[in-house]
Amino acid sequence: MSPQPQAAVGAPLSRVDGRLKVTGEARYAAEFDVDGAVHAVIVDASIGRGRITSLDTRDAERHAGVLRVISHRNAPKLPYRDNSGSNNPPGRRLRVFQDDRVLFHGQPVAVVIATTLEAAQHGASLVKVRYDAEQSSTDLHEGKPGEPTPYARGDADAGLRDAAVRLDVTYRLARNHHNPMEPHATIARWDGDKLTVWDKTQWVMGTHDELAAVFDLPADAVRVINPFVGGGFGSGLRCWPHTVVAALAARETKRPVKLVLSRRQMYFGTGFRPSYEYRLRLGSDRRGRLSAASHDIDAETSSYETFTEGVMAPGQMLYSMPHVSQRYRQVPLDVNTPIWMRGPGFASASFVIESAMDELAHRLGIDPIELRLRNEPNEDESNNLPFSTRRLRECYTVGAREFGWDRRNPKPRSTRDGDRLIGLGMAAGVYDPGRFPAEARVRLDADGTAVVEAATSDMGPGTYTSQTQVAADALGLTVRTVTFRLGDSLYPPTGPHGGSATMASVGTAVVDACDQVREHAIKLAVEDRESPLYGVDAKDVVVRGGRLHVQGNPARGESYRSLLARNDRTHLEAAGSYTGPPSPARRSYHAYNATFAEVAVDATLGLVRVRRMLGVYDAGRIISPKLAESQAFGGIVGGIGTALLEHTVTDHRDGRIVNANLADYLVPVNADVPEVRAIYLDGEDNDGNALGVKGLGEVVQVGVAAAIGNAVFNATGRRVRELPITAEALL
């Protein structure tokens, strides 16, 4: 077929759902008006580990409006059948209300259901729980690590012994929480043996499968609805206990139930980016050529599940070196299970590796960019595969030019602006964008409009808009004549909305479905004796603006509307799919960036202010420049938070999170966000997806904290190896 004209893809369009959001018409999970809905509030455990010895619900049950109090004493035993292939490990979930064990502070121990939210809240405060408390373990540095996940090539110990220059540094990274604007919420309704939930989730089908497993229901007995998500950052990538609690409460009361987590409950009711202790030993010659690295990584997980993320990958392939060893150990603690957070694993590892590279550059007297250039690999040395694309050199060159890197004084504490110390820093970033199997469905109606459906989500990156752009070009329609629908498990299944996977995965399935419909219409036209296109080779026909015509001869053609009307067709329909990346992999598929930061540090008070930041990205084809810029800005802001502000504080006596609110858990506000700029390199990466995209959601945050930390060192001469970087560390 002739290449389709691309009018929508690449255009800086505003969000197609923007008006719904700014007018308040977009409905989020807790905002659906479900007839007869009552309210539920969870009672949280106030100890970090132990058993419930008594649970007095009498005062709560007597309170006006309270309908029911459910706990392990009266909850039915749930099947929790094996849900292999879903989003939780079979047999390892937190089984709410199934026994008297308390595994972490804040674990649900009861739920109060009432006719009003106020009655449910007050009822929950009246539930009296007594415990046999045990000593909880919540400190990463005092926990007992599990068996390590190893990686090795060459002989790292020998390489380090022989290295002319060696670093041996340990970094500590604080736990971070996602803190999206929309709290996690679920409305659950049973109609006989069928369950419908309106849920805040980034994985419609994952929540669907988990609920089917917990309640032992057939797939067609569960429906999950989720048209809008008010931010997620990874917090919605699994089905959390409160969703099960809402469904259980609805079944037991035979009423629809709405359950909304409070801001405080989100700190233990959903996951978090785990804290890390990461020791890195690095060896090089005196010209900066890396010879060996040893990574010892400890990360927190829960006592009842083992959470892992891709923290090992950057150390295996970002730089060329013959000798690498790694040990990645999960430390089981009495906490709820962590979950992926923007740039999972890679963002944490990048702070360590990129800070160490900056430290090595300073010791050797080599420019940090030059040091990285001297260690650029020719292939992915972790698997000996060629790179699909790797344009880090260009990222460095463009970034250095646009940021004014040549004006940087390499001597720390040498540049001032009044009483402020000025520093410039940079870091490289890498991320392995996900690609998951996905399906989509498209219907082209006789009026020349189209509807496209897939069970994906949109937590903010603009899925509605980007998928509409892709579909419009594939069908040859204008954006305003295409409607993209998502967020319903009745639509064709897709993978999680995370891991930078949605554009490559769902977008490819959408293109497949739309191509089939367009090709069907073309075939119909060239075989229709009454069509102006009769007898034309189908390969020479393209569609633009809803009109089929001969490539290079727009006058010869007709519209979808006239074609379908003449052939008595109400619509054309097709199902598309994407099977995932090639297996086995043919190339190393990653997105890359170079991030630059300028900071000002108050010489007396140690306060750090970011002045400006630039990110340059090798991220394949950019579908929507306006959305891409928003992605970069959001990732950079998140990185500023990780670097300078965000830190979950735990009272290790009982596991209580001390700063479980937005007054004490600091996130960046407008005053913290400087001049931000993003540059995307032109190009495509066609390894394994038809669109040539790599995904943007994660790579934009990887390396940001390291760039800021390196700028702080350039400004002050103080190397801070613990996040967040505080004023106390600089005094």
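Look up a bit, the structure's there.
First, a word on what this report is: a plain description of the structure on this page. Small disclaimer: the values here were computed from a predicted structure and weren't measured.

Below, the discussion takes up helix α13 (residues 502–526). In this model α13 runs 35 Å from its N-terminal to its C-terminal C-alpha over 25 residues, within 8% of the 36 Å that 1.5 Å per residue would give. Across the 25 residues that make up α13, a large majority, 19, are buried.

This next bit is on the pairing of strand β18 (residues 438–445). In the sheet, β18 pairs with strand β24 (residues 571–578) via eight bridges, with the strands oriented antiparallel. Pairing of alanine 438 across the sheet is with tyrosine 578, part of β24. Relative to strand β19 (residues 450–453), β18 is paired through four bridges, and the arrangement is antiparallel. Pairing of leucine 444 across the sheet is with alanine 450, part of β19. Hairpin connection from β18 to β19: four residues lie between these consecutive antiparallel strands, with glycine 448 at a positive phi of about 85 degrees.

Another aspect to go through is the side chain of serine 350. Mapping serine 350 onto the fold places it in helix α9 (residues 346–364). With a relative accessible area of 6%, serine 350 lands in the buried category. Not counting residues within four places of it along the chain, the set of residues in contact with serine 350 comprises Ser355, Val702, Gly703 and Ala706.

One recurring pattern in soluble globular proteins: nonpolar side chains tend to sit buried together. Tyr319, Val599, Tyr617, Tyr680 and Ile708 are the most contacted members of the largest nonpolar core, which has 92 residues in total. If one sorts the elements of this core by residue count, α9 sits on top with eleven residues. Among all residues touching isoleucine 708, those that are not within four sequence positions of it are Ala597, Val599, Val610, Met613, Gly639, Ile640, Ala643 and Leu644. The next biggest cluster of nonpolar side chains, apart from the first, holds 52 residues, and it includes Phe228, Ala440, Ala454 and Val511.

Strand order in the open sheet formed by seven strands is β3-β5-β1-β12-β9-β10-β11, with mixed pairing between adjacent strands. The two strands at the open ends of the sheet, each matched to only one other strand, are β3 (66–71) and β11 (222–225). Across this sheet, the average inter-strand angle for adjacent strands is 20 degrees, counted without regard to direction. Sheet analysis places strand β1 (residues 38–44) next to strand β12 (residues 257–260), joined by three bridges and oriented parallel. In the sheet register, histidine 39 faces β12, and the bridge partner there is lysine 258. Against the sheet, helix α3 (residues 117–126) contacts β1, β3 and β5 (108–114), and its axis sits at roughly 20 degrees relative to β1. Its contacts with the sheet put helix α6 (residues 241–253) on β1, β3, β5, β9 (185–191), β10 (194–199) and β12, and the angle it makes with β9 is roughly 35 degrees.

Here we come to the packing of aromatic side chains. Taken as a whole and judged by the stated rule, the model has 13 aromatic pairs. Judged by centre distance (5.6 Å) and plane angle (35 degrees), the ring pair of phenylalanine 403 and phenylalanine 596 falls under tilted. Of this pair, phenylalanine 403 sits in helix α11 (residues 392–403) while phenylalanine 596 sits in strand β25 (residues 591–602), and the two are 193 residues apart along the sequence. Of the two residues, phenylalanine 403 and phenylalanine 596, neither departs from the other in class, the shared state being buried. These aromatic residues form a ring-pair network of at least three members: Tyr28, Phe228 and Tyr464. In this structure, arginine 175 packs its charged tip against the face of phenylalanine 272, placed 3.7 Å from the ring centre. For arginine 251, the ring lying beneath its charged end belongs to tryptophan 190, and the centroid distance is 5.8 Å.

Quick notes on the rules
Residues numbered from 1 in each chain as written. Predicted model: local features only at pLDDT ≥ 70, side-chain atom pairs only at ≥ 80, totals over all residues. Heavy atoms only, no water. Helix = DSSP H or I, 4+ residues; strand = E, 2+ residues; numbered from the N terminus. Expected span 1.5 Å × (residues − 1). Buried < 20%, exposed > 50% of the residue type's maximum accessible area, 1.4 Å probe, protein only. Pairing = 2+ DSSP bridges. Contact = heavy atoms within 4.5 Å. Core = buried A, V, L, I, M, F, W, Y, C linked by side-chain atoms within 4.5 Å. Axes fitted to C-alpha atoms, helices over the stretch in contact; angles between N-to-C directions. Phe/Tyr/Trp six-rings, centres within 6.5 Å; stacked < 30°, edge-to-face > 60°. Lys NZ or Arg CZ within 6 Å of the ring centre and 35° of its normal.

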